[in-house]
Amino acid sequence: MLSAKASLVHAQRAAIRQSKRAYHDLVVPSEKKPVVSAGPPGRSAVSGHVATVFGCTGFLGRYLVHKLAKTGTQVIVPYRDEDEKRHLKVMGDLGQVVPLEWDIRNDNQTAECVRHSDIVYNLVGRDYETKNFGFEEIHVTGPQRMAHIARESGVPRFIHVSHLNASPNSSSIFYRTKFEGENAVRDVFPDATIVRPGPMYGYEDKLLQNMAVWPIWWKLNNAATKIRPVHVMDVAQALANLERMDALPQIMSLPGPSTHTYAYLLELISTLTYNAPSGAPTLPKSLVLAAAGLLQRALFWPTLSPDEIERRYIDDVGADRDKKFSGDWDVVGIHPDEIERHAIAYVRRYRSAVNYARPIVLPARPVCRLKSCSFLLSRDYIW
Ligand SMILES: NC(=O)c1ccc[n+]([C@@H]2O[C@H](COP(=O)([O-])OP(=O)(O)OC[C@H]3O[C@@H](n4cnc5c(N)ncnc54)[C@H](OP(=O)(O)O)[C@@H]3O)[C@@H](O)[C@H]2O)c1
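It should be emphasised that the depicted structure is a prediction, and the values quoted were computed from it without experimental measurement.

### Side note on the packing of helix α4 (residues 107–114) against helix α5 (residues 135–152)
So, step 1. Two elements in contact, α4 and α5, have axes separated by 9 Å at closest approach and are oriented at 55°. For the element pair α4 / α5, the angle class is oblique. Where α4 crosses over α5, the two elements pack in a sense that is right-handed. On the side of α4, the interface is formed by Asp107, Thr110, Ala111 and Val114, while α5 contributes Arg145, Met146, Ile149 and Ala150.
So, step 2. Looking at the contact of α4 with α5, its residues break down into five nonpolar, one polar and two charged.

Written as structure tokens, this is what we have:
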């Protein structure tokens with residue numbers, strides 16, 4: 001048993017050991033300020049980094065804030081709605097998650113949000129236009145102003161999240177403005193890193209959750225549209241890893257590991273939830289577009305917008321090349337997971353009480369080119 005004095009000395013020595021800094025704790029990402037890490041690893045550490053996450057209140061944002069804060073990074077979380085940021089506050093140690101009220105049109109607030117940061121993430125985006133904000137402002141002019149202010153404030157790293165399908169020639173305005181946004185950011189912040197994730201799935205996604213509730217809207221194009229779904233956790237981890245890398249890539253595509261049709265994903269949900277496949281018919285595009293346009297004008301809450309319908313007919317980039325197009329995951333040292341591995345966690349809530357605890361059975365994949373995923377071919381495969 002240690003005496004009180006001896007244990008005090010012991011604790012003091014341990015504290016000195018922990019607070020001792022070594023040369024490798026020092027990182028200088030720019031001339032702005034050195035980054036010095038300290039303390040034990042984990043949530044109570046101080047990584048020395050300060051990150052601003054615009055768009056932190058969204059689906060991807062919450063996972064990124066969590067991954068940054070749990071390694072001891074101080075995270076600035078700009079928010080619009082008081083209630084939307086409350087869950088973020090507890091993701092880091094006391095004082096490490098700092099909410100700041102923010103309006104995308106207010107440059108002073110933007111400057112305030114990035115003033116102390118050495119890395120800025122822009123995750124702001126919207127699937128549909130509203131009366132207040134069009135795609136142009138959310139995806140092009142807004143990000144450009146953020147990047148410009150970050151540059152002026154001496155922030156060394158700006159990470160702009162775009163979309164895998166960003167293209168100047170797309171029939172979707174969303175994808176076109178995403179592409180224009182990349183160029184607009186690069187014009188004012190030439191070293192910015194552009195990240196292009198595929199469609200993401202997770203608890204709050206607009207993919208699996210929406211498919212489970214509204215299968216009819218995923219049967220457009222005979223449900224033959226091919227996508228590269230990716231786990232939101234993998235994308236969040238990839239973004240978080242960028243914080244500690246010495247040299248950042250200019251552009252990074254993050255598609256899911258496999259190509260799937262909407263038909264397969266609908267079958268996956270139906271098999272996992274033990275709910276009968278939807279018997280809804282495939283509606284003609286012109287009819288759905290007309291109805292969506294009408295609803296968008298008549299209602300003040302978001303419904304399926306005409307541009308989202310347009311996107312339901314567009315295959316993801318690399319969908320035709322499947323595994324041969326694996327994106328830039330190697331750069332951040334991550335192997336993205338297959339959707340079959342996680343889908344049950346996100347769709348189990350759609351099982352009835354009788355089926356809730358039944359075993360997990362996966363449907364057969366229509367095409368499986370890799371030997372490594374041949375285990376998924378069996379209909380009887382049980383977790
Ligand atoms: N989800 C996907 O499958 C997917 C796939 C590829 C790329 N992306 C891109 O990845 C980024 C994050 O996606 P996400 O799914 O997390 O999006 P999300 O859930 O819709 O969140 C969007 C974020 O942008 C903010 N935002 C939207 N309009 C704004 C405005 N006018 N002023 C200020 N903030 C505004 C939202 O703030 P509020 O909470 O205040 O509304 C929210 O924090 C987006 O750029 C998206 O386009 C998403």
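This is not the end of the story, as more comes after the structure.
### As for helix α2 (residues 59–69)
So, step 1. Judged by how many residues are buried, α2 sits mostly within the fold: nine of eleven residues are covered.
So, step 2. Among all positions of α2, only Phe59, Leu60, Gly61, Tyr63, Leu64, Val65, Lys67, Leu68 and Ala69 are buried.

### A closer look at the site of the ligand
So, step 1. The full set close to the ligand counts 25 residues, and Thr57, Leu60, Arg80, Lys178 and Met200 are the nearest of them.
So, step 2. The separation between an oxygen atom of the ligand and a polar main-chain atom of glycine 55 is 3.2 Å.
So, step 3. Between an oxygen atom of the ligand and a main-chain N or O atom of methionine 200, the distance comes to 2.8 Å.
So, step 4. Notes on the ligand: free accessible area 880 Å², of which the protein chains cover 90%.
So, step 5. For the shell around the ligand, a count of residues per class yields 14 nonpolar, seven polar and four charged.

### Digging into the confidence of the model for the protein chain
So, step 1. Per-residue confidence for the protein chain averages 90 on the pLDDT scale, and 87% of its residues sit at or above 70.
So, step 2. Of the regions scoring below 50 in pLDDT, residues 368–383 engages in 29 contacts with residues more than four places distant in sequence or in other chains.

### Here we look at the nonpolar core
So, step 1. Ranked by size, the top nonpolar core spans 36 residues in total, and within it Val53, Leu60, Tyr121 and Leu239 carry the most contacts.
So, step 2. Secondary-structure elements contributing two or more residues to this core are β3 (50–54), α2, β4 (74–79), β6 (119–122), β7 (157–161), α8 (232–242), β12 (251–254) and α12 (329–332).
So, step 3. With residues near it in sequence (within four places) discarded, tyrosine 121 still touches Ala51, Thr52, Val53, Phe54, Leu64, Leu68, Ile159, Leu239, Ala240 and Glu243.
So, step 4. In this structure, Met211, Leu268, Ala343 and Leu362 belong to the second largest nonpolar core, which totals 21 residues.

### Remarks on unusual backbone geometry
So, step 1. Positive phi outside glycine occurs at asparagine 221, with the angle close to 60°.
So, step 2. As for its placement among the helices and strands, asparagine 221 is situated in the loop between α7 (208–213) and β10 (226–227).
So, step 3. Exposure remark for asparagine 221: the relative accessible area of 27% places this residue in the partly exposed category.
So, step 4. Phi at tyrosine 274 is positive, roughly 60°, even though this residue is not glycine.
So, step 5. Of note, tyrosine 274 is situated in the loop between α9 (262–273) and α10 (285–298).
So, step 6. Overall, tyrosine 274 belongs to the partly exposed group, its relative accessible area being 25%.

### Overview of the state of the cysteines
So, step 1. This structure, assessed with the given rule, holds zero disulfides.
So, step 2. Cysteine 56 takes part in no disulfide bond, and the closest cysteine sulfur to it belongs to cysteine 113, at a distance of 9.0 Å.
So, step 3. Accessibility expressed as a relative area gives 0% for cysteine 56, which makes it buried.
So, step 4. Note on cysteine 113: relative accessible area 2%, which makes it buried.

### A few points about the packing of aromatic side chains
So, step 1. The final tally for this structure, using the stated rule, is nine aromatic pairs.
So, step 2. Aromatic pair phenylalanine 135 and phenylalanine 174: ring centres 5.8 Å apart, planes at 80°, arrangement edge-to-face. In this pair, phenylalanine 135 is assigned in helix α5 and phenylalanine 174 in helix α6 (residues 173–188), connecting sequence segments 39 residues apart.
So, step 3. The exposure class assigned to phenylalanine 135 is buried, which follows from its relative accessible area of 3%.
So, step 4. Taking the ring centre of phenylalanine 174 as reference, the NZ or CZ of arginine 311 above it sits at 4.1 Å.
So, step 5. We note arginine 312 situated over the ring of tryptophan 218; from NZ or CZ to the ring centre the distance is 3.6 Å.

### Comments concerning the environment of proline 281
So, step 1. The residue proline 281 is located in the loop between α9 and α10 in this model.
So, step 2. Linking proline 281 and leucine 220, residues 61 residues apart in sequence, is a C-alpha distance of 8.9 Å.
So, step 3. When sequence neighbours within four positions are dropped, the list of residues in contact with proline 281 reads Ile216 and Lys219.

### Observations regarding the pairing of β3
So, step 1. When you tally the buried positions in β3, you get five out of five residues, the bulk of the element.
So, step 2. Pairing geometry for β3 and β4, over three bridges, is parallel. Pairing of alanine 51 across the sheet is with valine 75, part of β4.
So, step 3. In the classification by handedness, the crossover that spans β3, the intervening α2 and the parallel β4 is right-handed.
So, step 4. The pairing of β3 with β6 spans four bridges and is parallel. Within β6, the position partnered with alanine 51 by the bridge is isoleucine 119.

Conventions used here
Residues numbered from 1 in each chain as written. Predicted model: local features only at pLDDT ≥ 70, side-chain atom pairs only at ≥ 80, totals over all residues. Heavy atoms only, no water. Axes fitted to C-alpha atoms, helices over the stretch in contact; angles between N-to-C directions. Helix = DSSP H or I, 4+ residues; strand = E, 2+ residues; numbered from the N terminus. Parallel < 35°, antiparallel > 145°, perpendicular 65-115°, else oblique. Left-handed = near helix turned anticlockwise from the far one by under 90°. Contact = heavy atoms within 4.5 Å. Nonpolar A, V, L, I, M, F, W, Y, C, P; charged D, E, K, R; others polar. Buried < 20%, exposed > 50% of the residue type's maximum accessible area, 1.4 Å probe, protein only. Near = heavy atom within 4 Å. Polar contact = N/O pair within 3.5 Å; in protein donor to acceptor, adjacent residues only side chain to side chain. Areas by Shrake-Rupley, 256 points an atom, 1.4 Å probe, with all protein chains shown as cover. pLDDT = per-residue confidence, 0-100. Core = buried A, V, L, I, M, F, W, Y, C linked by side-chain atoms within 4.5 Å. Disulfide = S-S within 2.5 Å. Phe/Tyr/Trp six-rings, centres within 6.5 Å; stacked < 30°, edge-to-face > 60°. Lys NZ or Arg CZ within 6 Å of the ring centre and 35° of its normal. Pairing = 2+ DSSP bridges. Right-handed = clockwise from strand over helix to strand, strands pointing away.

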